Number of protein chains: 2
Amino acid sequence: MKKLLNYAKYIAKMVDDFILNNVLKGKPDHLYSASSHLLKAGGKRLRPTLLILSSRVVGGNEKKAIPAAAAIEILHNFTLIHDDVMDMDDFRRGVPTVHKVWGIPTAIIAGDLLFSKSFEALLKLKELNVDHKSIVKSAEILAHTASTIAEGQAMDMAFEERVDVSEEEYFTMIYKKTAVLFEATTKIGALIGGGSIHEVETLGTYGKYLGLAFQIQDDILGVVGEEKKLGKPVGSDIREGKKTIIVLHALRKATPKEKEKILETLGDRTLSKESIAEIITLLKDLGSIDYAKELALKYANAAKTIIDNLDAKDLEAKEMLIELADYVVKRIK
Amino acid sequence: MKKLLNYAKYIAKMVDDFILNNVLKGKPDHLYSASSHLLKAGGKRLRPTLLILSSRVVGGNEKKAIPAAAAIEILHNFTLIHDDVMDMDDFRRGVPTVHKVWGIPTAIIAGDLLFSKSFEALLKLKELNVDHKSIVKSAEILAHTASTIAEGQAMDMAFEERVDVSEEEYFTMIYKKTAVLFEATTKIGALIGGGSIHEVETLGTYGKYLGLAFQIQDDILGVVGEEKKLGKPVGSDIREGKKTIIVLHALRKATPKEKEKILETLGDRTLSKESIAEIITLLKDLGSIDYAKELALKYANAAKTIIDNLDAKDLEAKEMLIELADYVVKRIK
């Protein structure tokens, strides 16, 4: 995994430089500070790394994929800022969220700015002589993906009010909210790298499975993660009443009395640390964490199998794509 | 002006059909209802009409420009939804604003969805055999415009807290907040219509002047307009402390005592109808409304002159573009 993590650091530097020097420049200052706040707070740059590896594995060149990698990272940051406003979250990546520092109106505009900047970044592919047809196709994927994320986010919020969410609905929701961006990342990477239609589709499926595993792991870390590593409070999913796969499993396995307990706890924003700890113990006892771990592993393995069978043009990239599938389910932040 | 208004109705029908049948379709239902709420509440479809006329005047075809016209209208609606959240406005186009009906989180996502749908609409130009190069160029203009609008909106909000805004700053702000979208509309129209670089630039300048005149007229209507026609409360600019050109002029012309009065009124959200009426009388007496009217007329005339000198491929379109310049300063809603 060390190779992957070192490579991610190297990509992070290139992509961050590109974003901060070529894309996120402008006035007024407070808007640009707010827009780059989370970006500067850290983050793993998993998606840019994934995009560039997807490009390399079909024979593409690293540098040529940078604008697209930046576009994906910027789009991701846009969704984080608006999500934090909607979920009323106070911390992210160990720092106060954008709306906590600059207020809700500026956080809304900062997100909007990142959205358009994401397209501006992508369209800079033109300057690297990527053909216009591939740029249009990439922009189509990016736009469609952003629409799908909005749908997923709306579902996620609507689920907070419901007690009868099915696993099928959960999977549709996390595909839309999270996995579709991983899918777009791998597809655009393969496209810019000159991959065939088949390679673009194959890498898209890999990205989709990776994204599903990633979100399930996120659900797990939201319950059993370490606050310091995560950079945000543990248990916020419970306080917000999120219908994670862990909660859905627990509601199915619980006795009527336990179920009642879970339901009255979910969505209670005033919940004490003790009550959160109590619920977490219950979720563990019901086997719901293990159930989620198995599912995450299943998707990570499915992703690995796809890459294993890929006729790679770049073996090092292939190796790191496999490591990435391991990483998303082993990560602790 | 009748010809123009009838044509706008005809374009409105085509563009609305395209948007509602080809672009704004999806789940969950409440998100799509929220996203199409303002669109269904009416509106003049000035921007789609402007785009198609800009396309026709350089020899372009009406139908081919529809996806781009839809993209501009959708982008405009996105900005309205987020602006209403940020300004805490309760009414628009005679109906409750999106966040009043569906709440702030859904209004934020509904705006985000429209943003991506705007690009989705634009990229449908591909299906009408518009060349990839022109599509990439149009997408670049759209993305850059959206970034500029975010900057303008941030300036507009920051001005609310300041008492020393200059006229120059005001013009930069309204260019970014409003006129840049008119400029993008005419440029993209001319581009899709196959216009030369010179024609694209010339129509861009026309659009920019038109947009400046439009925003100044908006400032005027915000003070002296009829509430029923406008579909939103008169005086909200004053309640929100907006630094309109009228206010800037008044602050310059007022006696120290009048200035004090204006400054303590601006941004007071609890202001009574009587106090609003009093301030409006003062603004009138200081000649600030007349000053704004002169400026709006100046920009509308500058726009007209540009079109007058244009070697038009479609004389009917040219005639309507001139009517449009008259319309923006004569409109009462």
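Residues numbered from 1 in each chain as written. Chains lettered and ligands numbered in written order. Predicted model: local features only at pLDDT ≥ 70, side-chain atom pairs only at ≥ 80, totals over all residues. Heavy atoms only, no water.

This next bit is on the environment of A146(B). Mapped onto the elements of the fold, A146(B) is located in helix α7 (residues 132-160). Judged by its relative accessible area of 6%, A146(B) is buried. Placed 31 residues apart in sequence, A146(B) and F115(B) show a C-alpha to C-alpha distance of 8.9 Å. Setting aside residues no more than four positions away along its own chain, A146(B) makes contact with S116(A), L75(B) and F115(B). (Helix = DSSP H or I, 4+ residues; strand = E, 2+ residues; numbered from the N terminus. Buried < 20%, exposed > 50% of the residue type's maximum accessible area, 1.4 Å probe, protein only. Contact = heavy atoms within 4.5 Å.)

Turning next to the nonpolar core. Ranked by internal contacts, the top residues of the largest apolar core, which has 252 residues, are Y206(A), I216(A), L324(A), Y206(B), I216(B) and L324(B). In this structure, I216(B) is in contact with Y170(B), F171(B), I174(B), I245(B), A292(B), L295(B), A296(B) and Y299(B), ignoring residues within four places of it in sequence. (Core = buried A, V, L, I, M, F, W, Y, C linked by side-chain atoms within 4.5 Å.)

The subject of this paragraph is a positive patch on the surface. Residue and element names in this part refer to chain A. On the surface, K9, K44, K229 and K333 cluster together into a positively charged patch. Looking at the secondary structure, you find K229 in helix α10 (residues 227-230). Under the relative-accessibility criterion, K229 is labelled partly exposed at 42%. (Patch = residues over 30% accessible without salt bridge, like charges linked within 9 Å, V, L, I, M, F, W, Y side chains within 5 Å. Areas by Shrake-Rupley, 256 points an atom, 1.4 Å probe, with all protein chains shown as cover. Salt bridge = Lys/Arg side-chain N within 4 Å of Asp/Glu carboxyl O. Lys, Arg positive; Asp, Glu negative; His and termini not counted. Charge placed at Lys NZ, Arg CZ, Asp CG, Glu CD.)

The interface is formed by 41 residues belonging to chain A together with 41 residues belonging to chain B. Carbon and sulfur atoms make up 74% of the surface buried where chain A meets chain B, a total of about 3300 Å² over both sides. Contact with chain B buries area across many residues of chain A, yet I109(A), L123(A) and V136(A) alone supply 15% of it, more than any other trio. Put simply, chain A and chain B have two salt bridges between them. E140(A) is paired through a salt bridge with K126(B); the nearest N and O atoms lie 3.0 Å apart. (Buried area = accessible area lost by both parts, 1.4 Å probe.)

Let us now look at unusual backbone geometry. All names here are of chain A. Cis peptide bonds are those with omega within 30 degrees of zero, and the linkage from K27 to P28 qualifies with 0°. You can see P28 is positioned in the loop between α1 (2-23) and α2 (29-40). Although it is not a glycine, R45 sits at a positive phi angle of roughly 55°. One can find R45 in the loop between α2 and α3 (46-57).

This paragraph deals with the relation of the copies chain A and chain B. Between chain A and chain B, the superposition needs a rotation of 180° and an axial shift of 0.0 Å, giving an RMSD of 0.0 Å. Here the symmetry operator amounts to a two-fold rotation axis. Closest to the rotation axis within chain A is the C-alpha of H132(A), separated from it by 2.8 Å. (Least-squares fit on C-alpha atoms with pLDDT ≥ 70 in both.)

Here the focus is helix α14 (residues 273-285) of chain B. Residues and elements named next belong to chain B. Compared with the 18 Å implied by 1.5 Å per residue over 13 residues, the 18 Å span of α14 between its first and last C-alpha is a close match. Where the residues of α14 are buried, they touch α9 (197-224), α11 (236-239), α12 (245-253), α13 (256-265) and α15 (288-308). The positive-phi residue at the C-terminal boundary of α14 is G287, with phi of around 80°. (Expected span 1.5 Å × (residues − 1).)

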